Amino acid sequence: MFRILSIAFALLLIIGCKNSEESTVTPSDPSHKWWKEAIIYQIYPRSFKDTDGDGVGDLKGIIEELDYIQSLGVTAVWLNPIYSSPNDDNGYDVSDYRAIMEDFGTMEDFDIMLKGMHERNIKLVMDVVVNHSSDEHEWFKQSRSSRDNPYRDYYHWWPAEKGKPNYRYSLFDEKGDAWRYDSLTNSYYLHYFAVKQPDLNWENPKVRQEVYDIMKFWAEKGVDGFRLDAFQFAAKDTTFPKFPDGFEKNFTEYYAMQGDLHQYLKEMNAEVFSKYNVMSVSEGAGRNFVDAHNLVDEDRKELDMAYAFDGVDIAKPNGYSLDHFKEVFTRWDSAFAKKGWLSIFLSNHDQSRLVSRYGNDSEAFRAPSTKMLNTFILSMRGTPYCYYGDELGMTNIGFDSISQYQDIAAINGYKKVMSQGGDIDAYMKGLKFGSRDNGRTPMQWDASENGGFTEGIPWLPVNDNKTVINVQSQHDDPNSVLNHFRKMTTLRKNFPVLVYGAYELVQKEHHKVYAYTRTTANSKLLVILNFSETPTEFVIPKDLSPVEVLIDNYDQVAMEGNNLALQPYQAIIFEIQK
Ligand code: GLC
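No experiment lies behind these values; they were computed from the predicted model shown. (Residues numbered from 1 in each chain as written. Predicted model: local features only at pLDDT ≥ 70, side-chain atom pairs only at ≥ 80, totals over all residues. Heavy atoms only, no water.)

**Description of helix α7 (residues 205-221)**
An α-helix turns once per 3.6 residues; consequently, residues spaced three or four apart project the same way.
Stage number 1. Its 17 residues give α7 an end-to-end C-alpha distance of 25 Å, which sits within 8% of 24 Å, the value for a rise of 1.5 Å per residue.
Stage number 2. Buried within α7 we find V207, R208, E210, V211, Y212, I214, M215, K216, W218 and A219.
Stage number 3. Among the residues of α7, the N-terminal cap falls to N204, whose side-chain oxygen and the backbone nitrogen of K206 are separated by 2.9 Å.
Stage number 4. Downstream of α7 by a residue or two, G222 has a phi angle that is positive, lying close to 110°. (Helix = DSSP H or I, 4+ residues; strand = E, 2+ residues; numbered from the N terminus. Expected span 1.5 Å × (residues − 1). Buried < 20%, exposed > 50% of the residue type's maximum accessible area, 1.4 Å probe, protein only. Polar contact = N/O pair within 3.5 Å; in protein donor to acceptor, adjacent residues only side chain to side chain.)

**Describing the sheet that holds strand β13 (residues 383-387)**
Stage number 1. Spatially, seven strands are ordered β11-β10-β6-β3-β2-β13-β12 in an open sheet, and the strand pairing comes out parallel. One side of each edge strand has no neighbouring strand; the edge strands of this open sheet are β11 (279-282) and β12 (343-344). (Pairing = 2+ DSSP bridges.)

**As for the pattern of salt bridges**
Stage number 1. For the coordinates displayed, the defined rule picks out 36 salt bridges.
Stage number 2. For K339, the salt bridge is made with D299, and the minimal N-O distance between the two is 3.0 Å. Of this pair, K339 sits in the loop between α11 (322-335) and β12 while D299 sits in the loop between α10 (289-296) and α11, and the two are 40 residues apart along the sequence.
Stage number 3. Residue classification places K339 among the partly exposed positions, given a relative accessible area of 41%.
Stage number 4. A network of salt bridges, in which partner residues are shared, links D89, D350, D407, R436 and R440. (Salt bridge = Lys/Arg side-chain N within 4 Å of Asp/Glu carboxyl O.)

**Considering the confidence of the model for the protein chain**
Stage number 1. Here the protein chain averages 95 in pLDDT, and 95% of its residues register 70 or above.
Stage number 2. Predicted confidence for residues 1-17 stays below pLDDT 50, and this span has 30 contacts to residues more than four positions away or in other chains. (pLDDT = per-residue confidence, 0-100. Contact = heavy atoms within 4.5 Å.)

**Side note on the sheet that holds strand β18 (residues 546-552)**
Stage number 1. Spatial strand order, β14-β15-β16-β21-β18: five strands in an open sheet with antiparallel pairing. Looking along the sheet, the strands with just one partner apiece sit at the ends: β14 (502-506) and β18. Recorded for the sheet is a direction-independent mean angle of 25° between the axes of neighbouring strands.
Stage number 2. Relative to strand β21 (residues 571-576), strand β16 (residues 523-530) runs antiparallel, the two sharing five bridges. Within β21, the position partnered with L525 by the bridge is E575.
Stage number 3. Most of the contacts of α11 go to strand β15 (residues 513-520), to which it runs at about 20°, and overall it touches β14 and β15.
Stage number 4. Of the strands in this sheet, β18 and β21 are in contact with helix α17 (residues 481-494), which crosses β18 at around 135°. (Axes fitted to C-alpha atoms, helices over the stretch in contact; angles between N-to-C directions.)

**What to know about the site of the ligand**
Stage number 1. In the vicinity of the ligand lie 13 residues, with D89, D229, E283, H349 and D350 positioned nearest.
Stage number 2. In this structure, an oxygen atom belonging to the ligand sits 3.1 Å away from a side-chain N or O atom of R227.
Stage number 3. Within the side chain of R436, one N or O atom sits 3.0 Å away from an oxygen atom of the ligand.
Stage number 4. When the ligand is considered free in solution it has 310 Å² of accessible area, and contact with the protein chains removes 95% of it. (Near = heavy atom within 4 Å. Areas by Shrake-Rupley, 256 points an atom, 1.4 Å probe, with all protein chains shown as cover.)

**A short note on helix α14 (residues 408-419)**
Stage number 1. Over its twelve residues, α14 extends 16 Å from the first C-alpha to the last, a length consistent with the 16 Å expected when each residue adds 1.5 Å.
Stage number 2. All buried positions along α14 are accounted for by I408, A410, N412, G413, K416 and V417.
Stage number 3. Along its buried surface, α14 packs onto α15 (424-434).
Stage number 4. The opening residue of α14 is D407, an N-cap whose side-chain oxygen sits 3.1 Å from the backbone nitrogen of A409.
Stage number 5. Phi turns positive, to about 65°, at G421, one or two residues after α14.

Written out as structure tokens, the structure is:
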């Protein structure tokens, strides 16, 4: 039988107890970078906190909660777009890149927010949305007005007398067509996303200069980094050749990493990144490892960090296999073991909720499985991105009717399936599991009617489970999901091996447990994650001798010799004797 050791008892057995590791990577080491050591907290401002009762989150709400953000132990915030926007795609359709969206507040609020973050040693990463603008941006208004307007070439136009341009797929268009005919100048314009999001013409050097000037404007204000939205699609072959039959919709393969994209990034690096101490991360990581390395290897002088989607693409409505999960994260780690740097994340504003997709959101297992997933994100090699609300274990809201959705992708996708006579039940089932609105419901601060998010009517309903999942109830509970998250951020900061250490998969063939080591010259940790809802045995390999339990999402580690009896979703990190 297994002997049950409480942590206190286990600590009696340890050889040399310590709360942190002596770092081998000193600040003067050239491989030391703040953005590698960062723990990034992503805030969807629309849903974080509303202070003026209009039902929409605002910058003052973020300012009010800066102490909370700091209490999480995160070191940077990535803010989704806060620029002026008609909100066709919740701010990803910018009408003025140098102004704050009215719903969110003023430039003065922004300055106070940034100062407040910096006072708390929290950096700010801004979203830069420049594959496209809003059709309400002055550039597009000008561009649209006549064929010889000086802004005409800021966008991609196709004169109709040449016939209809070759098909291009649109991700958000209700017909899936990226060309929109505009009778004013008898031409089509290109929009890879919604019809109100015309693609900017990156082949035009003036457009590029405008964007660099905008980025400089924000860098001068003191922002610390940029996330380049949809940027892998920015460069285009402006002859718009026909794509091979059957490949018209193969978005990553045919639409990403085209033309002179790398040149543009080098130019942006020379003009902006190299002149300010800012980090840069691209949304997506190209089509393959070669593209990903070309985007972020240091000697390329393009971006700092890749943000690859293979990890978030694993979860499907009917589940996923842990073998697949391990294979994806291990493959990416190996490809970047020596060069380049990755982001680690399992959720964001384009995905549904962490625990509903990758864990188990039932009452019994929501807490341990969220803690287990946060242990994973915060113990991998790469910069962790934690999405607001996942530190509490917020879950999918799971709407049943299309009228409940707000997201343009969901609504236009519905229209498309209807007009094509597709399987609408399957579509709705897919939305219930995977819709972006699942991940955008308001932050749950307390158990009150609107979860403490607003005194007005929230723009998207607050999940009913705010009564049990909320900051207030978890704040002082030492065993809460929230406090486990805080313990994990502390551990990551105290153990640089979690940032810089080599990753090695342990017991690849175990179908329920994901285990790996993280190793530097003077430190070694073993992470053991039970991804299943059943108790599971795990044998620690003989060459790994645990000396201390650094964190555990249960209050007991049941271990006899090298045999561990893991509870459902148990997550343990051991320090290993070197
Ligand atoms: C990116 C954003 C997404 C947005 C799209 C168009 O994928 O993450 O939210 O809808 O670009 O800007």
